[in-house]
Amino acid sequence: MDQFTLISHVLSLGFAVMAAGLVYFLVTRSSVAPRYQFSSVLSAVVMVSAFFELFLLYQRWVGAFRWDGTAFVQSGIPFSNGYRYVNWSIDVPVLLIQLLVVMGVTGRRFHLAWVAFVTGGLAMIYTGYAGQFHEVQRSAPFWVWGLVSTVFFLLLLGLVARIIFGNLDRLPPTARPLARGVWWLVLVSWLLYPGAYLMPALWDSADGVVARQITYTIADITSKVVYGVLLGIIARRISVAEGYSPALADEVSLPRGGMTGGAGPGR
C-alpha cells in the first residue's frame, strides 16, 4: 500500500510542478529581450508536453492496481515507463535548442549544433526505449541498447559543455556563474536517468520501483523546470546588459543584493 501511494503522490507532484512551470514561463516571458523570448516559449512547450506525460503515467499507475480490501493488487492494466521516452523525444531536443538561443549561438553554428542536438538526442532516447522492453528479463538487449544510448548521452554532454563554455565570453559577467550552474545542473540531473534505467537490475523489489519513479520525476523536474528557470534568469541578465527596458525595470524592482548581486541600474 505504501509503495502504491508514494508513486501516485510522486507522479501527481510531477505534473503539478509542470503546470506551475507553464504559468511561470508564460508570465515572465516579456521580462527578457525579444530575441530570448523564444526560450520561454520553448520552456512552455516542454511544460505542456511533460504535464500530459506525467498525468498519463499517473492515470496508468492508478488504473494498474485495485484495492481488494487488504492490499493493492494488479488489475491487469499494464503500466509502462515507455511513455516517458515518447515525452523525452519531444522535450530533449527542445531543451537543448533553448540553450543555443540563450547562449547567443546563431547562423551556421546554430544549425550545425541544432542538427547534432536533435540527432544525438533522438538516438539516445530511442536506443534507450528499445532497451527498456527487456528490463524485466535483463537480457542482452537491455545492456546493449543501454550502452549504445550511453554513448550518445556522453556525446550530448560534451556538446552541451562546448556550447556553454565556448560562449561564456559573450555573456555579461553577471550571467557567467549561472551559465556554469546550468552545466552542473545538466550533468547531475541527466545522470539520474541512466541510474533509473539500471534500477531494475540493481534493485529488483517494490522499493526499487518506488525509487525508480522518484528518480525519474526528480530528474524531470530539475532538467526541465529548474533548467528553464536558470536559462530565463540568464536571458534577463543579458537583456539588462543590452539595455532592454522591461528587464531593467525588473532588476530595479529587486532588493539590493538580490538576484543581480547589486549590479543593477542606479548602482
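Here goes a summary of the coordinates provided. (Residues numbered from 1 in each chain as written. Predicted model: local features only at pLDDT ≥ 70, side-chain atom pairs only at ≥ 80, totals over all residues. Heavy atoms only, no water.)

Turning our attention to the overall build of the protein chain. Counting its regular elements, the protein chain contains eight helices and two strands. Burial status across the protein chain gives 47% buried among its 267 residues. By sequence separation, contacts in the protein chain at least 24 residues apart represent 73% of the contacts at least 6 residues apart. Working note: accessible area of the protein chain is about 12700 Å², and carbon and sulfur atoms make up 69% of it. (Helix = DSSP H or I, 4+ residues; strand = E, 2+ residues; numbered from the N terminus. Buried < 20%, exposed > 50% of the residue type's maximum accessible area, 1.4 Å probe, protein only. Contact = heavy atoms within 4.5 Å. Areas by Shrake-Rupley, 256 points an atom, 1.4 Å probe, with all protein chains shown as cover.)

Overall, the coordinates contain 16 aromatic pairs when judged by the stated rule. When the ring of Tyr 85 is compared with that of Trp 88, the centres are 4.8 Å apart and the planes differ by 70°; the resulting orientation is edge-to-face. A residue pair is termed a helical-turn pair when its members lie 3 or 4 positions apart in one helix, as Tyr 85 and Trp 88 do in helix α3 (residues 82-102) at three residues. Tyr 85 gets classed as buried once you look at its relative accessible area, which sits at 5%. (Phe/Tyr/Trp six-rings, centres within 6.5 Å; stacked < 30°, edge-to-face > 60°.)

Counted by the stated rule, this structure contains five salt bridges. Asp 220 is paired through a salt bridge with Lys 224; the nearest N and O atoms lie 3.6 Å apart. In this pair, Asp 220 and Lys 224 both sit in helix α7 (residues 206-241), four residues apart, roughly one turn of the helix. The buried category is assigned to Asp 220, whose relative accessible area is 0%. Owing to a relative accessible area of 2%, Lys 224 belongs among the buried residues under this scheme. Each of Glu 53, Arg 84, Asp 91, Asp 220 and Lys 224 takes part in a single network of salt bridges with overlapping partners. (Salt bridge = Lys/Arg side-chain N within 4 Å of Asp/Glu carboxyl O.)

Taken N-terminus to C-terminus, the directions of α3 and helix α5 (residues 140-166) make an angle of 20°; their axes are 10 Å apart at the nearest point. Relative to α5, the element α3 is oriented roughly parallel. Crossing of α3 against α5: the hand is left-handed. Between α3, through Leu 96, Leu 99 and Leu 100, and α5, the contact on the second element is made entirely by Leu 156, Val 160, Ile 163 and Ile 164. (Axes fitted to C-alpha atoms, helices over the stretch in contact; angles between N-to-C directions. Parallel < 35°, antiparallel > 145°, perpendicular 65-115°, else oblique. Left-handed = near helix turned anticlockwise from the far one by under 90°.)

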